[in-house]
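# Structure assessment
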Amino acid sequence: MTSEAPSSSSTAVLELRGLHVSYGAIEALKGVDLVVNEGEVVTLLGANGAGKTTTLQAISGLLKPRAGEIRFHGERVDGIPPHEVVALGIGHAPEGRRVFPLMSVLENLRMGAYRFRRVPREELDRVFGLFPVLAQRRNQEAGTLSGGEQQMLAIGRALMGRPNLLLLDEPSMGLAPLIVSQIFDIIQEINQQGTTVLLVEQNAAQALKLAARGYVLETGTIVMSAPARELLSNPRVRAAYLGEGAE
Amino acid sequence: MTVGELPLAVRRPRRIDPRWLRLGGWLVLGALLCVMTSTEEGTPSDHWLVVRTALGSTKLIGWLLAGAIVWALLEVWRARGLGTVVSGRTAGVRGRWHEITGGRRAHWLFLGIAAVAAIVIPQFLSEFYQRVLVDQVAVFVLLAVGLNVVVGWAGLLDLGYVAFFAIGAYTAGYFTRALPVKPPFHLNPFVILPVAVVVCLVAGLLLGAPTLRLRGDYLAIVTLGFHEIVQLFLVNKNNWTGGNQGAFGIPHFSINIFGIHYQWTLASLPYWYLFIAMLAVLVFLFDRLEHSKVGRSWTAIREDEVAAAANGVPTVKYKLMAFAIGASTSGLSGVLYASRIGYINPASFPVVLSITVLSYVIFGGMGSLVGVIVGAALLTFLPAVFQEQNIVRQEDIPMWIGAILVVMMIFRSQGLIPSRRRRRELGLAAQGVSDADAMSETPEGRA
């Protein structure tokens, strides 16, 4: 993996500068700075409640930041509504999968291509190529899929909007280890096909294997930012997120 | 460790056999109904007069007996497991029925039969029933079809729906010079229809734009308040609206173009045809809407609003759209109503009427066009029949409708003829898997 030096702003796809988000009086993000460069997989690690999901929701417009900037290809995108963010080329597979349970697999994918007048054939072929199981189950109701299949559908649905930047919120949540590694393989493939990925994870071991760089978020602040290999060998990260001594 | 080894002696609470509890319930219900249906009124000095006379009369025995009989029948039914037997026996028939009724061709066939019935049957009814058809059934079916868009499809709880009905009616009053405040020009009621639609659309947008960004339950409160405001405005702004007296002499519809002259009059039948023509147009439009991108967006918003927004559905826009469509349908029926009745006053549009329409929609089956039409028609027509035949007294009708709704919510909460999708959504929501409406926190309104 390349790009040891972060934030050369010419190739930056996404830049967060001093991002503050609060829920009422409670500050969830207290000035987050983060850069994702073209073609990278960047992972954002942190425990429950650290602010990982909040960060992604702010990027995709589901939450409005109180202060700070979000730039996508250099343009300010903070404060604009989510459907416009999607139209700019940011795809979001939200936490907990959130597929439309009573829609078929195909209908879910159609919703993903909502911004297009008609469903783009090549996007559909790409998703079915990445996730053959979805092609098999295209007419099945999404609510009846297994957890892993629902996660695949959530990622596929986000890809249907033809994003430059894919935001993945804990794709490993609640899944068996075998399925997790399968999904991480596919994320790698998606990245190799040219999509930049910002991956939020609690499963630090898997995420750092895949990512070029990582950020560690603790109670709304970035406490560490380094290439993935460094984080993997960092004793503090190992103790807090890799279950040091367990392996 | 077995139970016998437990050191503590657990005393089982004394239990009454649920069968006897149910018997008690039915007997209490019988006594209650006996009181409710008695004709004696209480007096200021003796509030319990009606209760004492009712419970002292021989009628009580009849009601208690009726309760006991219902109980006995239900117990036999339960004991023999007849429910499963019957559903097993009829499974084949029901399967065939779904096969026949499920198809697209059957859909149109039913629609054709319903249309022919709606055209032919009223011809043979007495003037009383024709009047019921127009003043009750047609008005409320039209209202229910509009509210279904808001509540059934977009999943928004609108408790001020009839306020737009009033706005439509007063728009008609204004442009036909029936109100104290005079317009610059006089319009035929037919021309007022689109004007009222636009007026209500704008009113709906003005009310919806600031509130639809909030959580769903706030919308219910705000719309309730809006209805109250509209009503108070109509009462208090005497020199514009005529205050409590309202407006008189709103003319009937008339056609006077291309050499065709037709004047609607006090006769009910022509108005009935006008109403069902309007209804047919709306049903056609709304059916197309439901199966369009708009309808799919509403479905997505209902099933998971956050996911819908994350996929690029402009959720506020579509909720606003549903709200405005509902408002303008309500306004449209307001114009028809005002012209039909000829006079309007604030008392014609009480807040409780909004709740009534909502209960018709829920009774018929939220989200199902056929369901809400049938539901609203039944709940407006049957009371009139019972009243005409002296089976129930007029002042008892709201009570009976309330009772029917309670029973309905216990045994068939999805409504009379639910849409297939909506029924399953309610099922999933009951299990906590997904949403069935847009009442949860909106994604954009939190920051």
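Provided above is the structure to which this section pertains.
A few points on the structure. (Residues numbered from 1 in each chain as written. Chains lettered and ligands numbered in written order. Predicted model: local features only at pLDDT ≥ 70, side-chain atom pairs only at ≥ 80, totals over all residues. Heavy atoms only, no water.)

Moving on to the overall build of chain B. A tally of regular secondary structure across chain B gives 19 helices and two strands. Relative to its full complement of 447 residues, chain B shows a buried share of 45%. Long-range pairs, those at least 24 residues apart, make up 74% of the contacts in chain B with a sequence separation of at least 6. If you sum the accessible surface of chain B, you get close to 23,500 Å²; carbon and sulfur atoms cover 68% of it. (Helix = DSSP H or I, 4+ residues; strand = E, 2+ residues; numbered from the N terminus. Buried < 20%, exposed > 50% of the residue type's maximum accessible area, 1.4 Å probe, protein only. Contact = heavy atoms within 4.5 Å. Areas by Shrake-Rupley, 256 points an atom, 1.4 Å probe, with all protein chains shown as cover.)

Residues and elements named next belong to chain A. Topologically, Ala47 is positioned in the loop between strand E3 (41–45) and helix H1 (52–59). Separated by 169 residues in the primary sequence, Ala47 and Val216 place their C-alpha atoms 9.2 Å from one another. Ignoring any residue separated from it by four or fewer positions in sequence, one finds Ala47 in contact with Lys52, Leu217 and Tyr241.

All names here are of chain A. Taking strand neighbours across the sheet as the criterion, the four strands line up as E2-E1-E4-E5 in an open arrangement whose pairing is antiparallel. With partners counted over all chains shown, the strands left at the sheet margins are strand E2 (26–37) and strand E5 (75–76), one partner each. Pairing between strand E1 (residues 12–23) and E2: nine bridges, direction antiparallel. Opposite Leu14, over in E2, you have Val36 as the bridge partner. Sheet strands touched by H1: E1, E2 and strand E4 (67–72). Its angle to E1, the strand with the most contacts, is close to 115°. (Pairing = 2+ DSSP bridges. Axes fitted to C-alpha atoms, helices over the stretch in contact; angles between N-to-C directions.)

In this assembly, 24 residues from chain A lie in contact with 26 residues from chain B. Counting the surface lost from both chain A and chain B, the interface buries some 2,400 Å², and carbon and sulfur atoms represent 60% of this. Counting the surface chain A buries against chain B, the share from its top three residues, Leu62, Leu102 and Tyr114 of chain A, is 30%. Viewed at the interface, chain B and chain A are joined by one salt bridge. Of the charged contacts, one joins Arg98 of chain A and Asp304 of chain B as a salt bridge, the two residues approaching to 2.9 Å between their closest N and O atoms. In this assembly, chain A and chain B are joined by five residue pairs in polar contact (both at pLDDT 80 or more). Contributing elements (two or more residues each) for the side of chain A that touches chain B: E1, helix H2 (82–88) and helix H3 (105–112) of chain A. For the side of chain A that touches chain B, the per-class residue count stands at 13 nonpolar, six polar and five charged. (Buried area = accessible area lost by both parts, 1.4 Å probe. Salt bridge = Lys/Arg side-chain N within 4 Å of Asp/Glu carboxyl O. Polar contact = N/O pair within 3.5 Å; in protein donor to acceptor, adjacent residues only side chain to side chain. Nonpolar A, V, L, I, M, F, W, Y, C, P; charged D, E, K, R; others polar.)

A cluster of basic residues, Arg110 and Arg117 of chain A together with Lys293, Arg296 and Lys317 of chain B, forms a positive patch at the surface. Tracing the chain through its elements places Lys293 of chain B in helix H13 (residues 293–303). Overall, Lys293 of chain B belongs to the partly exposed group, its relative accessible area being 31%. (Patch = residues over 30% accessible without salt bridge, like charges linked within 9 Å, V, L, I, M, F, W, Y side chains within 5 Å. Lys, Arg positive; Asp, Glu negative; His and termini not counted. Charge placed at Lys NZ, Arg CZ, Asp CG, Glu CD.)

Before going further, it helps to examine the side chain of His227 of chain B. Within the secondary structure layout, His227 of chain B lies in helix H10 (residues 216–236). Every residue in contact with His227 of chain B, bar those within four places of it in the chain, is listed here: Leu159, Gly160, Val162, Ala163, Phe349, Pro350, Val351 and Ser354 of chain B.

All right, on to helix H15 (residues 315–341) of chain B then. All names here are of chain B. In this model, H15 (27 residues) spans 39 Å end to end at C-alpha, consistent with the 39 Å of a helix rising 1.5 Å per residue. Burial runs high along H15: 24 of the 27 residues are buried. Looking one or two residues past H15, Gly342 carries a phi angle of roughly 90°, positive in sign. (Expected span 1.5 Å × (residues − 1).)

On to the nonpolar core, then. In this structure, Phe164, Phe286, Trp298, Ile344 and Phe349 of chain B are the most contacted members of the largest nonpolar core, which totals 104 residues. Take this core: its biggest share by element is 17 residues, from helix H7 (residues 127–153) of chain B. Setting aside residues no more than four positions away along its own chain, Phe349 of chain B makes contact with Val162, Phe165, Ala166, Ala169, Tyr170, His227, Gln231, Tyr337 and Ile344 of chain B. In this structure, Val127, Val133, Leu210 and Val216 of chain A belong to the second largest nonpolar core, which totals 49 residues. (Core = buried A, V, L, I, M, F, W, Y, C linked by side-chain atoms within 4.5 Å.)

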